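# Chain and residue survey
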Amino acid sequence: MLNIDLHSHSTVSDGLLTPTQLVEHAAARGVEVLALTDHDDIGGLEEARKAADKNNVLFIDGVEISVSWRGQTLHIVGLGIDPAHPQLIEGLSTIRQGRTARARNIAAQLDKFGIHGSFEGACRNTGNGRLIGRMHFARFLVEQGYAKDIRTVFRKYLVKGKPGYAPHQWVSLSDAVNWIRSSGGRAVIAHPGRYKLGKNALEELLLEFQILGGEAIEVITASHTPEQSLLFANHSRRLGLLASRGSDFHGPGESYFDLGGMPPLPANCAPVWHDWPGLM
Ligand code: AMP
Ligand code: MN
Ligand code: MN
Ligand code: MN
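Residues numbered from 1 in each chain as written. Chains lettered and ligands numbered in written order. Predicted model: local features only at pLDDT ≥ 70, side-chain atom pairs only at ≥ 80, totals over all residues. Heavy atoms only, no water.

### Quick word on unusual backbone geometry
The residue Asn-56 is not glycine, and still its phi comes out positive at about 65°. We note that His-191 has phi near 25°; this positive angle belongs to a residue other than glycine. In this structure, His-191 sits in the loop between β5 (186-189) and α8 (199-212). Taking relative accessible area as the criterion, His-191 reaches 1% and is therefore assigned buried. (Helix = DSSP H or I, 4+ residues; strand = E, 2+ residues; numbered from the N terminus. Buried < 20%, exposed > 50% of the residue type's maximum accessible area, 1.4 Å probe, protein only.)

Right, dumping it as structure tokens:
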């Protein structure tokens, strides 16, 4: 069976490895098919594809788009997108501008709490200054000794009800799915087990997503327990959604799964790659 990892991050968003380093790490780990899915940015795809060609890895152009749905943040992964698609490029650029505004608000919240200089500190942790996210604040707060690790920092700061939280409106589910689809990609709900949705809201999300043209959900991902993987495998089969597998790798030592180091998809679901040329 091929080792396929369809969710990963580089320094273009909030990962620790450059696109080239990420691909080399994937190849060394035996990953045969890799998607780079940076948050709201596709600027790493060209470099990653070159490295993948050199390292004999089949590369999939990807992205992970931040969405607001019923007041919650959801992540929609796009696989097989066209990085030159004008509407996608424009949409992602707007999201990144929103991220910078949110980062100022996060820094203002931390200021009130007596933590100063966090905007500049977080900026220093970005790979290219184009995209800023909570992970860059998290690394700054750990460096400054406010928490021992990234997990703890997210528990104590940067989330609802804690210092350093700033609410934010991302793009709509329909915009995200449309950009992915119109650029030739397949839309995937990332880590569905992570959202705080009751049974009914989850069902409504899955149906709305399908009506919009969404085709897949992540079944295997770092944030799912084995029970959640089985649950979403069943949802996938019941609703005719394809199933995806990804590590959500951000960097050595920071991620639960290393690249390609996750369990295989449960046997009862149809892989999102079932009709990709050269696979299966
Ligand atoms: P943002 O898109 O800027 O709001 O940041 C979301 C990112 O923060 C996720 O993709 C993860 O990389 C990271 N993150 C969020 N929650 C946690 C958590 N509880 N523990 C570790 N990392 C987290
Ligand atoms: Mn991230
Ligand atoms: Mn995510
Ligand atoms: Mn991710």
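### Some remarks on the site of ligand 1
All residues adjacent to ligand 1 are Asp-14, His-39, Arg-99, Arg-102, Gly-133, Arg-134, Met-135, Ile-150, Phe-154 and His-250. Within the contact set of ligand 1, an oxygen atom lies 3.2 Å away from a side-chain nitrogen or oxygen of Asp-14. Here an oxygen atom of ligand 1 and a side-chain polar atom of Arg-102 are 2.5 Å apart. Within the complex, the protein chains bury 78% of what would otherwise be the 490 Å² of accessible surface of ligand 1. Assessed atom by atom at 2 Å from the grid points, ligand 1 resides in the largest pocket. The set of elements that each furnish at least two residues to the shell around ligand 1 consists of α3 (86-112), α5 (134-143) and α6 (150-156). (Near = heavy atom within 4 Å. Polar contact = N/O pair within 3.5 Å; in protein donor to acceptor, adjacent residues only side chain to side chain. Areas by Shrake-Rupley, 256 points an atom, 1.4 Å probe, with all protein chains shown as cover. 1 Å grid on protein atoms, 1.4 Å probe; cavity = no way out; pocket = protein on both sides within 12 Å on 5 of 7 lines; lining within 4 Å. Sits in = over half its atoms within 2 Å of the grid points.)

### Examining the coordination of the manganese ion (ligand 2)
Around the manganese ion (ligand 2), the donor atoms from the protein are Asp-14 (OD), Asp-14 (OD), His-39 (NE2) and His-250 (NE2), and they sit 2.2 to 2.8 Å away. Considering all six donor atoms around the manganese ion (ligand 2), the spread of angles at the metal, 51 to 160°, places the coordination shape in the irregular class. For the manganese ion (ligand 2), the donor residues sit on a single chain with the sequence spacing D-x24-H-x210-H. Between the manganese ion (ligand 2) and the manganese ion (ligand 3), a spacing of 5.8 Å is present. Placement of His-39 in the loop between β2 (33-36) and α2 (45-54) and of His-250 in the segment after β7 (242-245) is noted, with a sequence separation of 211 residues between them. Here His-39 matches His-250 in class, with each residue buried. (Donors = N, O, S within 2.8 Å, 3.2 Å for Na, K, Ca; no water. Tetrahedral: all angles 85-135°; square planar, octahedral: opposite > 155°, others 65-115°.)

### Digging into α8
Across its 14 residues, α8 extends 20 Å between first and last C-alpha, which sits within 8% of the 20 Å expected from 1.5 Å per residue. Taken as a whole, α8 has its buried residues at Ala-201, Leu-202, Leu-205, Leu-206 and Phe-209. Considered in projection along α8, the buried side chains sweep an arc of 140° and stay on one side of the axis. What points out from α8, more than 90 degrees from its buried face, is the exposed set Lys-199, Asn-200 and Ile-211. Buried positions along α8 lie against β3 (58-69), β4 (72-79), α7 (173-182), β5, β6 (216-220) and α9 (226-239). (Expected span 1.5 Å × (residues − 1). Arc of directions from axis to C-beta. Contact = heavy atoms within 4.5 Å.)

### Comments concerning the domain arrangement of the protein
Per the domain assignment, the segments of the protein are domain 1 (4-84 + 172-246) and domain 2 (93-156). The gap between the C-alpha centroids of domain 1 and domain 2 is 24 Å. Tallying the contact residues gives 13 residues for domain 1 and 10 residues for domain 2. Three residues, Asp-14, Asp-40 and Asp-41, lead the burial of domain 1 against domain 2; their summed loss comes to 49% of the area buried on that side. Run the count over domain 1 and domain 2 and you get three salt bridges. One salt bridge connects Arg-99 with Asp-40, and the closest N-O pair in it is separated by 2.9 Å. Seen at the junction of domain 1 and domain 2, the total is six residue pairs in polar contact (both at pLDDT 80 or more). Residues belonging to the side of domain 1 that touches domain 2 are distributed by class as follows: four nonpolar, six polar and three charged. (Domains from an automatic or database assignment. Buried area = accessible area lost by both parts, 1.4 Å probe. Salt bridge = Lys/Arg side-chain N within 4 Å of Asp/Glu carboxyl O. Nonpolar A, V, L, I, M, F, W, Y, C, P; charged D, E, K, R; others polar.)

### Points about the coordination of the manganese ion (ligand 3)
Within the protein, Glu-64 (OE), His-75 (ND1) and His-191 (NE2) serve as the donor atoms for the manganese ion (ligand 3), at 2.1 to 2.2 Å. Positions of the donor residues of the manganese ion (ligand 3), expressed as sequence spacing, correspond to E-x10-H-x115-H. The exposure class assigned to His-75 is buried, which follows from its relative accessible area of 13%.

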